[in-house]
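Coordinates in review
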Amino acid sequence: MVTNSALTEQRPIGSGFTAASTASDVLEGVDLSGKLAVVTGGYSGVGIENVRALSAAGATVVVPARRPQQAAQALSDIDRVEVASLDLADLQSVARFADSFLATGRGIDILINCAGTMAAPETRVGPGWELQFATNHLGHFALTNRLWPALVADAGARVAVYSSRGHKFSDIRWDDLDFTGGYDKWKAYGQSKTANALFALHLDRLGRASGVRAFSLNPGGVRTNLQRYVARADQVQLGWIDEDGNDLIVWKSPQAGAATAAWAVGSAMLEGMGGVYLEDCEIAPLVDPAAPDAMKYGVHPWAVDLEHAARLWTISAQLTEVDAVTR
């Protein structure tokens, strides 16, 4: 197995922040005036807190949304925000949004790929793709590639890709990406989150010569609409709550859940770095999947494997018929 040693080392650097730090905390003193950010999923949960913090630091933020009217209402009290239509599960919608944005001639300094779905019922989109892989990974893969001219326009950009601790549920299922042999909602979610990490890893490898650095991240456990498909029995089985509904883990606030992405795209500490998986505003340690506490923290080796990342990129480019970065 080839890990991330060729790029930034996958080990903590002593950021000084904690799991309780908020997006505002990590962007304190950071001036993003004149910068443009694009944040998918930026109108609810941790996404809207990323938008709020970026705007407060001076950035203009474009929020592509599957429900643009709802997004516009949710974001109405935040300055310098633009809303556009985008459905990540529909590659034609991705193309329309990207073409419309590129037509403005503006560059992108920050891209946060936050939107996603978790533990969804078995659903097929496009040519029969499993929904979670299609939305969480392929949609963002196509979007980032189509926006590539804007990302390199100003000779430097940062990309933050939301993965999660869920990547520990599954490596990439190379022989059955779409679960045609039997659907498991948690393994499907896990595969999509591993894909997010591998995508950021290879994007950084390809993009650093053009000044584009990418990071994947675990935002931590946050109570949001993302858990809408997670039944109470599932939450008990996962160890989130007990049989009486009492919390068994410490949930982050949405503001704290947005902090690691804000750190990824705004912190001077990460200058010259990229390709690594972050959590709690820190570079996460690599953990042995067989360790007793492996599910609690850190990143599994399969999510930072360079060969796997390159292989996934090739497959994703074939599936989406988009690959602007390598051309």
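Residues numbered from 1 in each chain as written. Predicted model: local features only at pLDDT ≥ 70, side-chain atom pairs only at ≥ 80, totals over all residues. Heavy atoms only, no water.

Digging into the overall build of the chain
Summing up its helical and strand segments, the chain has 11 helices and 9 strands in all. At 18 Å, the chain has a C-alpha radius of gyration in line with the 20 Å of a compact globule built from 327 residues. The proportion of buried residues among the 327 residues of the chain is 56%. Taking all contacts inside the chain whose residues are at least 6 apart in sequence as the whole, residues at least 24 apart take part in 73%. Here the chain displays about 13,200 Å² of accessible surface, and carbon together with sulfur accounts for 48% of that area. When the 27 basic and 36 acidic side-chain charges of the chain are each reduced to a single mean position, those positions are 2 Å apart. (Helix = DSSP H or I, 4+ residues; strand = E, 2+ residues; numbered from the N terminus. Rg over C-alpha atoms; globule rule 2.2 N^0.38 Å. Buried < 20%, exposed > 50% of the residue type's maximum accessible area, 1.4 Å probe, protein only. Contact = heavy atoms within 4.5 Å. Areas by Shrake-Rupley, 256 points an atom, 1.4 Å probe, with all protein chains shown as cover. Lys, Arg positive; Asp, Glu negative; His and termini not counted. Charge placed at Lys NZ, Arg CZ, Asp CG, Glu CD.)

Topic: the nonpolar core
Membership of the largest hydrophobic core comes to 40 residues, with the highest contact counts inside it found for L54, L75, I112, Y162 and L278. Elements with a contribution of two residues or more to this core: helix 1 (23-26), strand 1 (36-40), helix 2 (45-56), strand 2 (60-65), strand 4 (110-113), strand 7 (157-162), strand 8 (212-218) and helix 10 (259-266). No other element matches the 6 residues that helix 10 contributes to this core. Ranked by size, the runner-up nonpolar core spans 30 residues in total, among them L86, W148, V159 and A317. (Core = buried A, V, L, I, M, F, W, Y, C linked by side-chain atoms within 4.5 Å.)

Describing the packing of aromatic side chains
Taken as a whole and judged by the stated rule, the model has 7 aromatic pairs. Members of the aromatic cluster, each reached through a chain of ring pairs, are F141, F199 and W313. Lying over the aromatic face of F179, R173 brings its terminal NZ or CZ to 3.9 Å of the ring centre. Sitting above the plane of the W174 ring, R311 keeps its charged end 4.2 Å from the centroid. (Phe/Tyr/Trp six-rings, centres within 6.5 Å; stacked < 30°, edge-to-face > 60°. Lys NZ or Arg CZ within 6 Å of the ring centre and 35° of its normal.)

Regarding a nonpolar patch on the surface
A cluster of nonpolar side chains, namely F169, L238 and M295, defines an oily patch on the protein surface of about 230 Å² accessible area. Counting through the fold element by element, L238 comes out in the loop between helix 8 (232-237) and helix 9 (254-257). Of the residues examined, L238 reaches a relative accessible area of 30% and is grouped as partly exposed. (Patch = residues over 30% accessible without salt bridge, like charges linked within 9 Å, V, L, I, M, F, W, Y side chains within 5 Å. Salt bridge = Lys/Arg side-chain N within 4 Å of Asp/Glu carboxyl O.)

Observations regarding helix 7 (residues 185-207)
Taking 1.5 Å per residue as the helical rise, helix 7 with its 23 residues ought to reach 33 Å, and the 32 Å between its terminal C-alpha atoms agrees with that figure. Here helix 7 lies mainly inside the structure; 19 of its 23 residues are buried. Between the side-chain oxygen of the N-cap and the backbone nitrogen of W186 there are 3.0 Å, and the N-cap of helix 7 in question is D184. (Expected span 1.5 Å × (residues − 1). Polar contact = N/O pair within 3.5 Å; in protein donor to acceptor, adjacent residues only side chain to side chain.)

Here we look at the confidence of the model for the chain
Taken residue by residue, the chain gives an average pLDDT of 94. The fraction at 70 or more is 97%. For residues 1-6, every residue scores under 50 in pLDDT, and the model assigns this stretch 18 contacts once sequence neighbours within four places are set aside. (pLDDT = per-residue confidence, 0-100.)

Some details on the packing of helix 7 against helix 11 (residues 306-320)
Close contact between helix 7 and helix 11 brings their axes to 8 Å; oriented N to C, the two are set at 90°. Regarding the angle of helix 7 to helix 11, the classification is roughly perpendicular. Contacts between helix 7 and helix 11 involve A195, L198, F199, L201, H202, L203, R205 and L206 from the former and L306, H308, A309, A310, L312 and W313 from the latter. Residues that form the contact of helix 7 with helix 11 fall into these classes: 11 nonpolar, 2 polar and 1 charged. (Axes fitted to C-alpha atoms, helices over the stretch in contact; angles between N-to-C directions. Parallel < 35°, antiparallel > 145°, perpendicular 65-115°, else oblique. Nonpolar A, V, L, I, M, F, W, Y, C, P; charged D, E, K, R; others polar.)

Brief notes about the state of the cysteines
Summed over the entire model, instances satisfying the criterion amount to 0 disulfides. There is no disulfide at C114, and the cysteine sulfur nearest it, in C281, is 14 Å away. Given a relative accessible area of 14%, C114 falls into the buried group. (Disulfide = S-S within 2.5 Å.)

Quick look at the pattern of salt bridges
Where charged atoms from two side chains of opposite charge come close, those side chains can pair. If you walk through the whole model with that rule in mind, you get 10 salt bridges. Across the salt bridge formed by R11 and E9, the nearest N and O atoms sit 3.5 Å from each other. E9 sits in the partly exposed class, given a relative accessible area of 48%. For D280, the salt bridge identified is with K252, shortest N-O distance 2.7 Å. Residue D280 is found in the loop between strand 9 (277-279) and helix 11, and its partner K252 is found in the loop between helix 8 and helix 9; the two are separated by 28 residues along the sequence. Judged by its relative accessible area of 27%, D280 falls in the partly exposed class.

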